[in-house]
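Close look at the chain arrangement
Here is how the chains run, residue by residue.
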Amino acid sequence: MVDVVTKRNCVYQTAYHVIWCPKYRHDVLIGAVAEETGAMLDAICAERGWPVISKEIQPDHIHLFVSIPPAIAVADAVKVLKGITARRLFQQFPALKKRLWGGHLWSPSYYVGTAGNVSAETIRRYIERSEHVTKRR
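First, a word on what this report is: a plain description of the structure on this page. (Residues numbered from 1 in each chain as written. Predicted model: local features only at pLDDT ≥ 70, side-chain atom pairs only at ≥ 80, totals over all residues. Heavy atoms only, no water.)

What about the environment of tryptophan 106?
- Considering the arrangement of structural elements, one finds tryptophan 106 in the loop between helix H3 (95-99) and strand E6 (111-114).
- For tryptophan 106, a relative accessible area of 7% gives the class buried.
- Each C-alpha atom, one on tryptophan 106 and one on alanine 46, is 22 Å from the other, the two residues being 60 residues apart in sequence.
- Among residues more than four places away in sequence, those in contact with tryptophan 106 are Trp20, Cys21, Pro22, Lys23, Leu29, Ile62, Lys82, Thr85, Ala86 and Leu89.
- Only 3.0 Å separates the side chain of tryptophan 106 from the backbone oxygen of lysine 82, close enough to count as a polar contact.
- Side-chain polar atoms of tryptophan 106 contact the side chain of threonine 85, separated by 3.0 Å. (Helix = DSSP H or I, 4+ residues; strand = E, 2+ residues; numbered from the N terminus. Buried < 20%, exposed > 50% of the residue type's maximum accessible area, 1.4 Å probe, protein only. Contact = heavy atoms within 4.5 Å. Polar contact = N/O pair within 3.5 Å; in protein donor to acceptor, adjacent residues only side chain to side chain.)

Right, dumping it as structure tokens:
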């Protein structure tokens, strides 16, 4: 599902489930707005090299399952995604500004959860096992 990525100084396999909502949880992500939001998210993530594993645009919230490199804070990635989409959506759909007064499209909060291929219990057992240590100090 999530590929192992090898860079010059690290190897990682990350996957984040991010959810955020429009301000006041208004049902504004419908029709052309929803389609354009999905296309923007794909473009932003592709431009930055963040593979989108899955995405779902609901009328009042967005689910995005994305792989972000460990050098980038998830909070910064969410800020980028929300900021760019808000600015572009307000430019393309001026009627959104009337429905969402105050110049804010997105609620300031979001949810993020991590996903992995192994359980926490498996990692704990691996760390506690001594066989993986070839040389003790």
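So, the packing of aromatic side chains
- All chains considered together, the criterion is met by one aromatic pair.
- Here the aromatic rings of tryptophan 20 and tryptophan 106 are separated by 5.9 Å at their centres, their planes lie at 85 degrees, and the arrangement is edge-to-face. Linking tryptophan 20 in strand E3 (residues 16-20) with tryptophan 106 in the loop between H3 and E6, this pair joins segments that are 86 residues apart in sequence.
- Across from the ring centre of tyrosine 24, 5.7 Å away, lies the NZ or CZ of lysine 23, which sits over that ring.
- The ring of phenylalanine 90 carries lysine 97 above its face, with NZ or CZ at 5.4 Å from the centroid. (Phe/Tyr/Trp six-rings, centres within 6.5 Å; stacked < 30°, edge-to-face > 60°. Lys NZ or Arg CZ within 6 Å of the ring centre and 35° of its normal.)

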